[in-house]
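Spelled out, the chains give:
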Amino acid sequence: MAAGLRTLLLVSVAAAATRLLQVGAQDDSPMPGGFMPGSSRPVDVNAPEVQKAARAGVDSVNRASNQLFLNKIRRVLKAKEQVVQGMMYRLTVEIGATTCKKRASSVNSDECDFHMTPPHAQTQICKFKVWDRPWLGPMEVVKQNCTVQ
């Protein structure tokens, strides 16, 4: 009787595994559900955690640049997330210079208007890699690269 239960259990597990592989094969993805564990996957650009990571990236640009005016997010163009001892976000973000000067340190750039006249009305496309490990503190921008458009 134990051998019969063992056989039934093995057949059930094999059937479930076959079904999972069939589901993954239907969408041409390497794993059931579409993504391999540990790989990056697309995420909604409007998700709150993506917007928070994008703000961290723009704050990093503002701290690192010698521009007179603060930048802020125009829009998040692309976002991916990956589980890696927390969450790693890879973002492509369009940013623009605002009318608020950097020296006003208490100013929230979200409350500032975009510059509309040259030469300050320039847009940049930035690629950010932002690591979120909430137990260690604020998000960390581990890589940033911006190009003027």
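Residues numbered from 1 in each chain as written. Predicted model: local features only at pLDDT ≥ 70, side-chain atom pairs only at ≥ 80, totals over all residues. Heavy atoms only, no water.

Asks: I tried to follow unusual backbone geometry on my own but got confused; where do I start?
Replies: Outside of glycine, negative phi angles account for most residues, and trans bonds account for most peptide bonds. Cis geometry marks the peptide bond from Pro118 to Pro119, where omega comes out at 5 degrees. Within the secondary structure, Pro119 sits in the loop between strand S3 (87-101) and strand S4 (123-132). Despite not being glycine, Gln85 has its phi angle at roughly 45 degrees, a positive value. Here Gln85 lies in the loop between strand S2 (69-83) and S3. (Helix = DSSP H or I, 4+ residues; strand = E, 2+ residues; numbered from the N terminus.)

Asks: Just checking my understanding: could you explain the sheet that holds strand S1 (residues 41-42) for this structure?
Replies: Hydrogen bonding along the main chain pairs the strands of a sheet, whether they run parallel or antiparallel. Ordered by their spatial adjacency, 5 strands build an open sheet running S1-S2-S3-S4-S5, and the pairing between neighbours is antiparallel. Only two strands of the sheet have a single partner each, and these edge strands are S1 and strand S5 (140-148). Relative to S3, S2 runs antiparallel, the two being bridged by 12 bridges. In the strand pairing of S3, Lys80 is matched with Arg90. Taken strand by strand, helix H2 (residues 48-64) contacts S2, S3, S4 and S5, and its axis lies near 130 degrees from that of S2. (Pairing = 2+ DSSP bridges. Contact = heavy atoms within 4.5 Å. Axes fitted to C-alpha atoms, helices over the stretch in contact; angles between N-to-C directions.)

Asks: Teacher, can you tell me more about the confidence of the model for the protein here?
Replies: Close inspection of predicted coordinates is inappropriate for parts of the model with low pLDDT. On average, residues of the protein carry a pLDDT of 81, and 74% of them reach 70 or more. Averaged pLDDT values for the elements of the protein fall to 45 in helix H1 (residues 2-26) and rise to 97 in S4. Here residues 8-29 is a poorly scored stretch, pLDDT under 50, and it has 7 contacts once near neighbours within four places are set aside; other chains count. (pLDDT = per-residue confidence, 0-100.)

Asks: Can you walk me through the environment of Ser40 in this structure?
Replies: Along the chain, Ser40 falls in the loop between H1 and S1. Overall, Ser40 belongs to the partly exposed group, its relative accessible area being 26%. Expressed as a C-alpha distance, the spacing of Ser40 and Lys80, which sit 40 residues apart in the sequence, is 6.0 Å. (Buried < 20%, exposed > 50% of the residue type's maximum accessible area, 1.4 Å probe, protein only.)

Asks: Which parts of the structure should I look at to understand the pattern of salt bridges?
Replies: Proximity of charged atoms lets side chains of opposite charge pair with each other. Considering all chains together, one arrives at 3 salt bridges under this definition. Between Arg133 and Glu140 there is a salt bridge; the shortest N-O distance is 2.8 Å. For Glu140, a relative accessible area of 36% gives the class partly exposed. (Salt bridge = Lys/Arg side-chain N within 4 Å of Asp/Glu carboxyl O.)

Asks: How do you make sense of the side chain of Arg133 when you look at a structure like this?
Replies: In this structure, Arg133 sits in the loop between S4 and S5. Since its relative accessible area comes to 17%, Arg133 is described here as buried. Looking at Arg133, its side chain comes within polar contact range of the side chain of Glu140, at 2.8 Å. If sequence neighbours within four positions are ignored, Arg133 has contacts with Gln85, Gly86 and Glu140. (Polar contact = N/O pair within 3.5 Å; in protein donor to acceptor, adjacent residues only side chain to side chain.)

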